[in-house]
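Analysis of the macromolecular model
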Amino acid sequence: MTDPIAERNKEIALAIWGRDIGADVDPDGEEFAEHFRKYHTEDYWNRASEPGKDRGFENAKMVRRAFQLLFTDAKFEIESAVAEGDMVVLRGTFTAYNTGGSLFGIPATGRFVSQPHVHFLRFRDGKICEHSVVRDDFPMWQQMTEDDREAGIVRFAEQSRTAADEQSRAAADGQSRAAAGAEEG
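What you are looking at is a predicted structure, and each value in this text was computed from that prediction instead of being measured.

Spatially, five strands are ordered 1-7-6-3-2 in an open sheet, and the strand pairing comes out mixed. Both outer strands of the open sheet, strand 1 (40-46) and strand 2 (71-84), are each paired with one neighbouring strand and no more. On average, each strand axis in the sheet is tilted by 25 degrees relative to the strand beside it, whichever way the strands run. Here strand 1 runs beside strand 7 (residues 127-135); their pairing, made up of three bridges, is parallel. Residue pairing in the sheet places Trp45 in a bridge with Glu130 of strand 7.

Moving on, we come to the pairing of strand 6 (residues 112-124). A one-sided burial pattern is seen for strand 6, the buried positions being Val113, Gln115, His117, His119, Leu121 and Phe123 and the unburied ones Phe112, Ser114, Pro116, Val118, Phe120, Arg122 and Arg124. Pairing analysis gives 11 bridges linking strand 3 (residues 87-98) to strand 6, with the strands arranged antiparallel. Each bridged residue has a counterpart across the sheet, and for Arg91 the counterpart in strand 6 is Val118. Relative to strand 7, strand 6 runs antiparallel, the two sharing eight bridges. Opposite Val118, over in strand 7, you have Val134 as the bridge partner. The antiparallel hairpin formed by strand 6 and strand 7 contains two residues in its connecting segment, where Asp125 sits at a positive phi of about 55 degrees.

Taken as a whole, helix 2 (residues 30-39) has its buried residues at Phe32, Ala33, Phe36 and Tyr39. Angular distribution of buried residues about the axis of helix 2 spans 150 degrees; they occupy a single face of the element. Opposite the buried face of helix 2, at more than 90 degrees from it, the exposed residues are Glu31, Glu34 and Lys38.

Within helix 4 (residues 137-145) the residues assigned to the buried category are Pro139, Met140, Gln142 and Met144. Looking at the buried positions of helix 4, the neighbouring elements they touch are strand 2, strand 3, strand 4 (102-103), strand 5 (106-107) and strand 6. Of the residues one or two after helix 4, Glu146 is the one with positive phi, at around 60 degrees.

What counts, and at which threshold
Residues numbered from 1 in each chain as written. Predicted model: local features only at pLDDT ≥ 70, side-chain atom pairs only at ≥ 80, totals over all residues. Heavy atoms only, no water. Pairing = 2+ DSSP bridges. Helix = DSSP H or I, 4+ residues; strand = E, 2+ residues; numbered from the N terminus. Axes fitted to C-alpha atoms, helices over the stretch in contact; angles between N-to-C directions. Buried < 20%, exposed > 50% of the residue type's maximum accessible area, 1.4 Å probe, protein only. Arc of directions from axis to C-beta. Contact = heavy atoms within 4.5 Å.

In structure tokens form, the structure reads like this:
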């Protein structure tokens, strides 16, 4: 059985979240304010923002300004969407050119960046009242720095095991040298 409220929330999320998030819309303009009022509650909570700066329209303006400062052609391509009750989950890929400001302490590179995201949107009365995101910052950092290390928990475990093996061999070599020195003395 399809939940009509969940489906409505999903339609709203798909309509507004997958659009060009880097559009040159003035965060201080009426168009931006009208969009916010139409799709977000007044007490909107962006859990992805710093506490104390994570609420309402002021947060939305701050986030828009940050995207406009840091990126050109910023987009979020939605790959899947799931809705249940008051929650909509969007999985997709953020893409942009890093053309301004400093991100991760790295000055703008002008490079194309791509980053996987999962957004959680909670709705109340047909409007987004809460937002959370899970994103992997490492691929974006790699793209900005040309760091070619592999990532992931399996790769980390392999690297850790190799490092531990090397430490064990070094310790054993040190003990062998110490024992040989004691025999000579």
